[in-house]
Amino acid sequence: PAVAAAAGIQAAPAGEGGDGGAVHAYVNGGCWFDGVTSEEVVARYAHDPECSGCEGKPAIIAGCHGAGRWVLSGPHIEYDPSQLWSSEFHDALRPRLVAANPSRKALLRHLLMYLLRHRGTLSCL
């Protein structure tokens, strides 16, 4: 996305890094990730008019490196909607983000637990 938005992302199906749920998260310019394997993709941008041109592209990826793990996210899944300052633009985004906040928190919790687990493969994501 070229501007701030409440972009939709689709988490990977259960057993493939996620729970299959849709989440709306704050995106400010955002990015997607090219050149990654399907095993690394945790979530993809959903069909969403807020995210023109990014549908299906990897929004969140994760993997292992040595004994550690990593997660990269284009959407700001760490960003609670209450943190948005008041402006005409943010006030328009807030209801959609507030409605999706429980799903955003669940996805963030899932990714943090993945990072804190002991060594393993992506199949345990």
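Rules and cut-offs
Residues numbered from 1 in each chain as written. Predicted model: local features only at pLDDT ≥ 70, side-chain atom pairs only at ≥ 80, totals over all residues. Heavy atoms only, no water. Pairing = 2+ DSSP bridges. Helix = DSSP H or I, 4+ residues; strand = E, 2+ residues; numbered from the N terminus. Axes fitted to C-alpha atoms, helices over the stretch in contact; angles between N-to-C directions. Contact = heavy atoms within 4.5 Å. Phe/Tyr/Trp six-rings, centres within 6.5 Å; stacked < 30°, edge-to-face > 60°. Buried < 20%, exposed > 50% of the residue type's maximum accessible area, 1.4 Å probe, protein only. Polar contact = N/O pair within 3.5 Å; in protein donor to acceptor, adjacent residues only side chain to side chain. Patch = residues over 30% accessible without salt bridge, like charges linked within 9 Å, V, L, I, M, F, W, Y side chains within 5 Å. Areas by Shrake-Rupley, 256 points an atom, 1.4 Å probe, with all protein chains shown as cover. Salt bridge = Lys/Arg side-chain N within 4 Å of Asp/Glu carboxyl O.

**A look at the sheet that holds strand S2 (residues 22-28)**
In space, the five strands of this open sheet follow the order S2-S1-S3-S4-S5, with antiparallel pairing throughout. A single partner strand is all that each edge strand has here, and the edge strands are S2 and strand S5 (68-73). For this sheet, the mean inter-axis angle between neighbouring strands, taken without regard to orientation, is 25 degrees. Where strand S1 (residues 4-11) meets S2, seven bridges bridge the pair, whose relative direction is antiparallel. Across the sheet, residue Ala6 finds its bridge partner in S2, namely Tyr26. Each of S1, S2, strand S3 (41-45), strand S4 (58-65) and S5 touches helix H1 (residues 88-116); the most contacted strand, S2, lies at about 110 degrees to it.

**A closer look at the packing of aromatic side chains**
One pass over the full model with this rule turns up one aromatic pair. Pairing Tyr26 with Tyr79 gives two aromatic rings, centres 5.3 Å apart and planes at 25 degrees, and the pair type is stacked. With Tyr26 in strand S2 and Tyr79 in the loop between S5 and H1, this residue pair connects regions lying 53 residues apart in the sequence. Tyr26 gets classed as buried once you look at its relative accessible area, which sits at 6%. Looking at Tyr79, the relative accessible area reads 22%, which means it is partly exposed.

**As for the environment of His24**
Following the sequence through the fold, His24 ends up in strand S2. Considering only alpha carbons, one finds His24 and Leu97, 73 residues apart in sequence, at a separation of 6.1 Å. In this structure the side chain of His24 is engaged in a polar contact, spanning 2.9 Å, whose partner is the side chain of Arg96.

**Some points on a nonpolar patch on the surface**
Together, Leu112, Met113, Leu115 and Leu116 line one region of the surface with nonpolar side chains, adding up to about 400 Å² of accessible area. When you line up the elements, Leu115 lands in helix H1.

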